[in-house]
Amino acid sequence: MESTKIYQAIENLVQYGLKTGLLEKEDAIYARNQILDVLRLDEFEAPQEECAGDDLEGTLAQLLDFAAEQGILEENSIVYRDLFDTRLMNCLMPRPSEIVKKFWKIYREESPEAATGYYYKLSQDSDYIRRYRIVKDMKWVTKTEYGDLDITVNLSKPEKDPKAIAAAKKAKQSGYPKCLLCMENVGYAGRTNHPARNNHRVIPITINDCGWGFQYSPYVYYNEHCIVFNGAHTPMKIERNTFVKLFDFVKLFPHYFLGSNADLPIVGGSILTHDHFQGGHYTFAMAKAPIEQYVKMEGFEDVEAGIVHWPMSVIRTRAKDADRLIELGDKILAAWRSYTDEAAFVFAETDGEPHNTITPIARKNGEWYELDLVLRNNITTEEYPLGVYHPHQDLHHIKKENIGLIEVMGLAVLPSRLKEELALLAEYIVEKKDIRSNEKIEKHADWVDTFLPSYEAVTAENIDAILKQEVGKVFARVLEDAGVYKCTEEGRAGFMRFLASVGFVKA
């Protein structure tokens, strides 16, 4: 790459920093020199052409290509390019203390919503959240009897190439940072088996009188998708203090909900070793779902409670005093941990292994605090080795992974393979080819056989909409499978037996 073009790309990156507010005017020379150092250049000439700084993805691509040509990149692959461009972006970044001071100044002088708005924009402008990848995700809404379910096919997490996978396996195993959620990720350069976090900044907060961190997810499955994590590397545990922590956060940021994955395998999240929650500025289908059966309990007359019309087993509690929800939530959790009902195939434990836990979600709705408690059970059998209350085998062609907090609330996070598979299915269905003849999509053949006859006309114009609708229906079935008490007369009777054991009666 000729020197004038690389100088122009460098200046474009500096102008991007000024335009987004990452840099002040006084920072421009410093930032430019930092970029030169990362690129192993020791001189610079101001470009003759105007540098607008509008196209971050294109600018970074130019700089990465230059680094590859010069042998600065160990390998010209997505993993090494991501490690390197994060170093470039860090040249534009304010120090953590500056961001923290600005965040809390906006919080105090304007509002919590203005503070999170500033921080969310910064997390995108810094390229920690890669906007140009997020827009590639497939997203649609499917109407079901439970409400409008959000369906996403995640394409923003880059697929590692074989060489990078091999390099990661050979890489020395490090205990620093201990995991992806540790505070030590701030500014960490990364390695082949750990993502770069040079441009990562965290807002320290206090919940339950302890130091925690507040950040956004780099993959943003929904608006302002945030992660709140313990400052210490300590395992997930659902207990009374969990509810205290959730409401401490909601009181700090009343425009956000906050929820926790369950603390047991199969029904828990992907990281059980570090205590953390997920939240954001979004209203999921579950939050909109109505209460189908109100219940009441003596001593909690000030709390509204009931079974939510939702495929998973959800108890919603509402009160103007969050402490009352914490007290009642603890009572329900303790009862569920030890609850067995053989008739409903609910076992608190087998062979000493506990099965019952809860996925809790807290929010503020007007003057009312709400705590949704989703009953979970991770028992397995020979028939269902991955879990009785887990997507069953006939749905694995679409969704096999654990049903965590985000799915529980009504947003499907589906594997990236579906983009190609659905496109192939559309072609095979319209052209009446044999789906079973293609090994990439043969797993979908039985599913297609069940829904296709219900459509009178299937054309190239409507096949995509049909497939999206049917994938959405599969996700509704996934949630039904994951529900401990089904939305049937028998299932609801079992649900009421549990609630009666806690002390509830129908209202």
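Residues numbered from 1 in each chain as written. Predicted model: local features only at pLDDT ≥ 70, side-chain atom pairs only at ≥ 80, totals over all residues. Heavy atoms only, no water.

> Go over the overall build of the chain, please, and point to the residues and values.
For the chain, the count of helices and strands is 16 helices and 16 strands. Here the C-alpha radius of gyration of the chain, 25 Å, is about what a compact globule of 507 residues would show, namely 23 Å. Along the first, second and third principal axes, the C-alpha atoms of the chain reach 75 × 60 × 40 Å. The 507 residues of the chain split such that 54% are buried. Within the chain, counting contacts between residues at least 6 apart in sequence, those at least 24 apart form 65% of the total. (Helix = DSSP H or I, 4+ residues; strand = E, 2+ residues; numbered from the N terminus. Rg over C-alpha atoms; globule rule 2.2 N^0.38 Å. Buried < 20%, exposed > 50% of the residue type's maximum accessible area, 1.4 Å probe, protein only. Contact = heavy atoms within 4.5 Å.)

> Account for the sheet that holds strand S15 (residues 411–414), with residues named and values stated.
Sheet strands pair via backbone hydrogen bonds, and the direction of the pair is either parallel or antiparallel. One open sheet accounts for 3 strands, arranged S1-S2-S15; its pairing is mixed. The strands lining the two open edges of the sheet, one partner per strand, are strand S1 (138–144) and S15. Across the sheet, the mean angle separating the axes of adjacent strands is 20 degrees when strand polarity is ignored. Where S1 lies against strand S2 (residues 147–153), 7 bridges are found, and the strand directions are antiparallel. Pairing of Val 141 across the sheet is with Asp 150, part of S2. Set on the sheet, helix H15 (residues 463–482) makes contact with S1, S2 and S15; between it and S1 the angle comes to about 65 degrees. (Pairing = 2+ DSSP bridges. Axes fitted to C-alpha atoms, helices over the stretch in contact; angles between N-to-C directions.)

> Kindly report on the pattern of salt bridges, identifying the contributing residues and their values.
Pairing of side chains with opposite charge becomes possible as their charged atoms draw close. Overall, the coordinates contain 35 salt bridges when judged by the stated rule. Arg 363 serves as the salt-bridge partner of Glu 370, at 2.7 Å between the closest nitrogen and oxygen. Residues Glu 370 and Arg 363 agree in their burial class; the two are buried. Between Arg 417 and Glu 421 there is a salt bridge, with its nearest N and O atoms 2.9 Å apart. Of this pair, Arg 417 and Glu 421 both sit in helix H13 (residues 417–430), 4 residues apart, which is roughly one turn of that helix. In this structure Arg 417 comes out as partly exposed when scored by relative accessible area, which is 28%. When salt bridges with common partners are traced through the structure, they connect Glu 304, Arg 316, Arg 318, Arg 363, Glu 370 and Asp 372 into a single cluster. (Salt bridge = Lys/Arg side-chain N within 4 Å of Asp/Glu carboxyl O.)

> Before we move on, can you summarise the sheet that holds strand S10 (residues 314–319) with the specific residues and values?
The sheet built from 11 strands is open, its strands ordered S3-S4-S5-S7-S6-S13-S14-S10-S9-S8-S16 with antiparallel pairing. Each end of this open sheet is capped by a strand with a single partner; those strands are strand S3 (203–207) and strand S16 (504–506). Taken pair by pair, the neighbouring strands of this sheet meet at an average axis angle of 30 degrees, ignoring direction. Of the strand pairs in this sheet, strand S6 (residues 257–259) and strand S13 (residues 356–365) are connected by 2 bridges, and their pairing is antiparallel. What sits directly across from Leu 258, in S13, is Ala 362. Against the sheet, helix H5 (residues 96–109) engages S3 and strand S4 (210–216), with an angle of about 55 degrees to S3. Together, S3, S4, strand S5 (226–230), S6, strand S7 (276–280), S13 and strand S14 (368–377) form the strand contacts of helix H9 (residues 240–252), whose direction differs from that of S13 by roughly 20 degrees.

> So what's going on with the layout of surface pockets? Residues and values would help.
Looking at the second largest pocket, its volume works out to about 760 Å³. In this structure, the second largest pocket is lined by 28 residues; those nearest its centre are Leu 92, Met 93, Pro 94, Arg 95 and Glu 98. For the lining of the second largest pocket, the elements supplying multiple residues, two or more each, are helix H2 (28–38), helix H4 (78–90), H5 and helix H6 (112–125). Of the residues contributing to the lining of the second largest pocket, the split by class is 13 nonpolar, 5 polar and 10 charged. (1 Å grid on protein atoms, 1.4 Å probe; cavity = no way out; pocket = protein on both sides within 12 Å on 5 of 7 lines; lining within 4 Å. Points joined across faces, edges and corners; volume = space filled by probe spheres on them. Nonpolar A, V, L, I, M, F, W, Y, C, P; charged D, E, K, R; others polar.)

> Provide a residue-level description of the nonpolar core, including the pertinent values.
Ile 205, Phe 214, Val 228, Phe 249, Tyr 485 and Phe 498 are the most contacted members of the largest nonpolar core, which has 100 residues in total. Apart from residues no more than four positions distant in its own chain, Tyr 485 is found in contact with Pro 311, Ser 313, Trp 336, Tyr 339, Ala 344, Val 346, Leu 375, Gly 491, Arg 492, Gly 494, Phe 495 and Phe 498. By size, the runner-up hydrophobic cluster in this structure holds 52 residues, among which are Val 153, Ile 361, Val 478 and Leu 479. (Core = buried A, V, L, I, M, F, W, Y, C linked by side-chain atoms within 4.5 Å.)

> Lay out the packing of H5 against H6 in plain terms, naming residues and giving numbers.
At a closest axis distance of 7 Å, the pairing of H5 and H6 adopts a crossing angle of 150 degrees. Classed by the angle they form, the pair H5 and H6 counts as roughly antiparallel. Where H5 approaches H6, its residues Ile 99, Lys 102, Phe 103, Ile 106 and Tyr 107 are matched on the opposing element by Pro 112, Ala 114, Ala 115, Thr 116, Tyr 118, Tyr 119 and Leu 122. Split by residue class, the contact of H5 with H6 holds 10 nonpolar, 1 polar and 1 charged. (Parallel < 35°, antiparallel > 145°, perpendicular 65-115°, else oblique.)

> So what about empty space enclosed by the protein? Which residues, and what values?
In this structure the tally under the stated criterion is 1 cavity of 30 Å³ or more. Space inside the largest cavity adds up to approximately 40 Å³. Along the walls of the largest cavity sit Tyr 119, Leu 122, Ser 123, Ser 126, Tyr 128, Asn 199, His 200 and Arg 201, which together make up its complete lining. Looking at the lining of the largest cavity residue by residue, the class counts come to 3 nonpolar, 4 polar and 1 charged.

> Tell me about the side chain of Arg 363, and name the residues and values.
Note on placement: Arg 363 falls in strand S13. Here Arg 363 falls in the buried class, since its relative accessible area comes to 11%. Looking at Arg 363, its side chain comes within polar contact range of the side chain of Glu 370, at 2.7 Å. A polar atom in the side chain of Arg 363 sits 2.8 Å from the side chain of Asp 372. Setting aside its immediate chain neighbours within four residues, Arg 363 contacts Phe 247, Val 250, Phe 257, Met 286, Ala 287, Arg 316, Trp 368, Tyr 369, Glu 370 and Asp 372. (Polar contact = N/O pair within 3.5 Å; in protein donor to acceptor, adjacent residues only side chain to side chain.)

> Quick one: what's the story with H13, residue by residue and with numbers?
The end-to-end C-alpha separation of H13 is 20 Å, in line with the 20 Å expected for 14 residues at 1.5 Å each. Here the buried face of H13 lies against S1, S2, S15, helix H14 (445–451) and H15. Lys 432 lies just past H13 and shows a positive phi near 55 degrees. (Expected span 1.5 Å × (residues − 1).)

The values are spatial; any link to function lies outside them.
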